[in-house]
Amino acid sequence: MNQLGSARSAYLKSAAHQPVHWREWSDEAFAAANASGRPVLLDIGAVWCHWCHVMDGESYEDPQLAEYLNQHFVCIKVDRDERPDVDARYQRAVQAITGQGGWPLTAFLTPDGEIFYGGTYFPPDERYGRPGFRTVLEQVIHFWTNQRPRAVEQSKALRHALATRTDPVAAGRVTPSMLLAAERQILAGFDPAFGGFGSAPKFPHPGAIRFLMARWADGGSSHTAHVARETLLAMARGGICDQLGGGFHRYSVDRQWVIPHFEKMSYDNSELLTVYVEGAMLFEPGAEEFRATARGIVAWVREVLAPADAGYGTSQDADVGPNDDGNYFTWTLDEMADALDRDELEVTSRRFGLGTSGAMPHDPERNVLFQARTIEELAQVTGRPVEQVAQLVASAIRKLREARNRRPAPTVDSSRYASWNAMMAGAMLRAAPVLDDDWARSHALRTLVMLAGGNNADPALLPDRPAVPLAHARGVEGLLEDQVHAADAAIDAFEATAEPGWLSWAASLMEHAWESHRAPGSEGLFDLAVGRGGAGLLNQGIRSIEDAPVP
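What comes next is a walk through the structure. (Residues numbered from 1 in each chain as written. Predicted model: local features only at pLDDT ≥ 70, side-chain atom pairs only at ≥ 80, totals over all residues. Heavy atoms only, no water.)

1. Thoughts on the overall build of the chain
Let me state the cut-off plainly: Secondary structure elements are defined from DSSP: runs of H or I of at least 4 residues count as helices, runs of E of at least 2 residues count as strands, and each element is numbered from the N terminus. In this description the radius of gyration comes from C-alpha coordinates, and the expected globular size is given by 2.2 Å times residues to the power 0.38. Each residue gets one of three labels from its accessible area relative to the maximum for its type: buried under 20%, exposed over 50%, partly exposed in between, using a 1.4 Å probe on protein chains only. It only takes one pair of heavy atoms within 4.5 Å for two residues to be counted as in contact. Areas reported here follow the Shrake-Rupley algorithm with a probe of radius 1.4 Å; residue values treat only the protein chains shown as occluding. When charges are counted, Lys and Arg contribute as positive and Asp and Glu as negative, whereas His and the chain ends are disregarded. Where a charge lies is defined by one atom per residue type, namely NZ (Lys), CZ (Arg), CG (Asp) and CD (Glu).
Each helix and strand counted, the chain has 20 helices and 14 strands in total. Taken over C-alpha atoms, the radius of gyration comes to 25 Å for the chain, in line with the 24 Å a tight globule of 551 residues would show. C-alpha extents for the chain along the principal axes are approximately 75 × 55 × 50 Å. Out of the 551 residues belonging to the chain, those deemed buried represent 53%. Restricting the contact set of the chain to residue pairs at least 6 apart, pairs at least 24 apart contribute 66%. Accessible area of the chain: about 23,800 Å², with a carbon and sulfur share of 50%. Positive and negative charge centroids in the chain, built from 51 and 72 side chains respectively, lie 2 Å apart.

Quick look at the structure:
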């Protein structure tokens with residue numbers, strides 16, 4: 001066992017058995033690098049990340065490769081969900097070097113934490129147009145051993161380039177023309193054939209959809225409403241939405257929303273819950289379909305992420321093992337036939353498009369379930385009454401869920417991060433009156449009382465002096481996103497309960513944010529408390545204006 005056995009993060013614990021002498025991100029790790037003069041290998045990933053698991057299995061569990069790493073590097077592993085501050089900075093740096101980022105992030109640092117080279121996934125041998133990982137490691141060590149001054153200068157130059165990159169934050173007024181320009185830019189990216197924005201891969205972008213719905217509700221064009229509504233319908237009917245268990249996978253690898261990357265994230269589903277609830281309030285036709293999609297998200301959260309009285313977990317993994325690719329969520333025709341009677345199979349195989357565009361690329365026998373036909377279209381095709389078709393589909397979904405529940409299930413990360421818990425609690429409070437869901441309301445209030453430092457068994461009362469500031473996780477403090485999302489959710493709680501303590505807490509959180517995250521004389525807010533600092537790039541301020549990945 002390496003040093004990760006005592007880590008709190010599920011992702012770090014999953015690597016505790018690896019022969020690599022992993023360390024957590026800490027001052028002690030960099031002190032060890034300085035004492036030995038070795039460079040740092042930084043691996044940033046997540047428990048839900050498919051390619052992180054692949055690289056773990058191919059490289060970090062290889063005893064010979066681990067021996068080479070242990071001899072030449074100090075190895076640090078970071079959970080991007082637990083340390084978004086570390087991830088944000090080294091993602092920026094690797095993107096500056098290679099033009100792309102992502103997970104796993106593989107970075108090579110000086111003993112002081114300055115980056116001089118990096119990339120993402122490296123296969124063990126040259127393939128996919130990428131060099132083999134052992135070759136990369138040998139080249140890095142050759143460079144570090146023979147040209148160390150150049151490596152250090154390279155890291156300094158990169159730091160300077162990142163520090164002087166054009167800052168996106170400037171003082172100014174939000175004007176009607178600015179909003180109109182944003183609306184037009186979003187509409188220009190609309191995919192009229194399949195909904196959403198751009199081409200493959202496709203992400204849900206709930207913030208953009210909410211913006212368009214707000215523009216339409218404020219007197220915008222019918223085309224703006226059409227783009228928002230059609231995108232919501234396409235995603236709800238696609239394979240990106242779990243047609244059996246509810247909730248959304250992280251993104252679609254194709255343009256049609258059919259084949260997803262199967263991990264399910266708390267933050268995605270909280271934002272999508274809000275946008276589908278708002279869609280149900282704004283659009284007709286489509287309102288009941290959007291309510292059903294929102295109910296599916298709540299059901300998944302209740303069953304998978306929120307088994308306790310308060311708090312929400314972080315994610316559900318995509319895969320069960322390293323050679324898996326969404327097998328828990330996909331079906332063969334034979335598997336469906338084993339679970340259903342003949343009439344159910346006839347209707348449901350057509351409903352969910354078996355043998356069509358839902359076929360998995362690596363195994364065409366396995367299918368992602370998506371709504372290939374509506375209930376009304378199925379009635380026409382099969383010659384059955386609409387009511388009978390609806391009953392058959394409902395009974396088939398129940399049986400398929402029961403059969404799927406008997407399969408080995410992907411890991412659920414039960415870590416509770418302040419920002420993501422607040423986001424989900426706020427979404428649940430907005431959804432509860434629209435869906436008439438008492439559980440969503442009461443569980444959300446208990447979660448916010450827990451975040452505020454109170455007794456989570458009593459959602460009616462906040463503690464007299466709620467804790468300020470919030471910590472993202474134990475030992476991870478000073479993150480702006482925690483304070484802002486908690487304040488946002490506290491306003492939702494005030495609107496749900498009319499208890500003034502919630503509004504007071506929101507105000508105190510934001511007072512703290514303005515005091516702690518704004519440098520003297522600067523505009524906007526830094527993602528980390530000013531002066532918090534830390535090793536490597538952590539003392540570099542970032543004022544981000546984009547969803548990366550949370551708003």
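2. Notes on the packing of helix H12 (residues 287-305) against helix H17 (residues 418-435)
Rule in force here: Here, axes are lines fitted to C-alpha atoms. For helices the fit covers the stretch in contact, and angles between N-to-C directions go from 0 to 180 degrees. For classification purposes, angles smaller than 35 degrees are called roughly parallel, those larger than 145 roughly antiparallel, those between 65 and 115 roughly perpendicular, and all remaining angles oblique. Each crossing is labelled by how the near helix is turned from the far one, with a counterclockwise turn of less than a right angle marking it left-handed and a clockwise turn marking it right-handed. We call Asp, Glu, Lys and Arg charged. Ala, Val, Leu, Ile, Met, Phe, Trp, Tyr, Cys and Pro are nonpolar, and the rest, Gly among them, are polar.
Two elements in contact, H12 and H17, have axes separated by 11 Å at closest approach and are oriented at 130°. On the basis of the axis angle, H12 is oblique to H17. Handedness of the H12/H17 crossing: left-handed. Each of Arg291, Ala294, Arg295, Val298 and Val301 in H12 lies in contact with H17, whose residues at this interface are Met424, Met428, Val434 and Leu435. When grouped by side-chain class, the residues that make up the contact of H12 with H17 number seven nonpolar, no polar and two charged.

3. A few points about the nonpolar core
Here is the rule we go by: We define a nonpolar core as any set of buried Ala, Val, Leu, Ile, Met, Phe, Trp, Tyr and Cys residues linked to one another through side-chain atoms lying within 4.5 Å.
Judged by nonpolar contacts, the single largest core of 68 residues is most densely connected at Trp25, Phe73 and Tyr90. A total of seven residues in this core trace back to one element, the largest contributor, which is helix H6 (residues 133-146). Among all residues touching Trp25, those that are not within four sequence positions of it are Phe30, Leu42, Ile76, Lys77, Val78, Arg83, Val86, Tyr90, Ala535 and Leu538. One finds Trp257, Leu273, Val277 and Ala422 within the second-largest nonpolar core, a separate group that totals 64 residues.

4. A few points about empty space enclosed by the protein
The test is simple: The pocket and cavity definitions rest on a 1 Å grid over protein atoms only: a 1.4 Å probe that fits but cannot leave marks a cavity, an open set with protein on both sides within 12 Å along at least five of seven lines marks a pocket, and residues lining either have an atom within 4 Å of a point. Grid points are joined across faces, edges and corners, and a volume is the space filled by probe spheres set on the points.
With the rule as written, the count across this model stands at three cavities of 30 Å³ or more. In terms of lining residues, the largest cavity is bounded by Gly239, Cys241, Asp242, Gln243, Leu244, His249, Phe262, Phe329, Trp331, Val368, Leu369 and Arg404. Considering only residue class, the lining of the largest cavity consists of seven nonpolar, three polar and two charged. Lining the second largest cavity, in full, are His50, Pro260, His261, Phe262, Glu263, Ala318, Asp319 and Asp325.

5. Here we look at the sheet that holds strand E9 (residues 315-316)
Stated precisely, the cut-off is as follows: Pairing between two strands requires that DSSP report at least two bridges joining them.
Here three strands make up an open sheet; going across it, the order is E8-E9-E12 and the pairing antiparallel. Taken across any chain shown, the strands that pair with only one partner, and hence form the sheet edges, are strand E8 (264-265) and strand E12 (412-413). Sheet topology note: the E9/E12 ladder contains two bridges and is antiparallel. Within E12, the residue paired with Ser315 across the bridge is Asp413.

6. Side note on the state of the cysteines
Short version of the rule: Here, the term disulfide refers to a pair of cysteine sulfur atoms separated by no more than 2.5 Å.
For the structure shown, the criterion picks out one disulfide. Each sulfur in the disulfide pair Cys49 and Cys52 lies 2.4 Å from the other. The sign of the S-S torsion, about 80°, decides the handedness of the disulfide formed by Cys49 and Cys52: right-handed. Judged by its relative accessible area of 1%, Cys52 is buried. Unpaired in terms of disulfides, Cys75 finds its nearest cysteine sulfur in Cys52, a separation of 16 Å. Take Cys75: its relative accessible area is 2%, and that puts it in the buried class.

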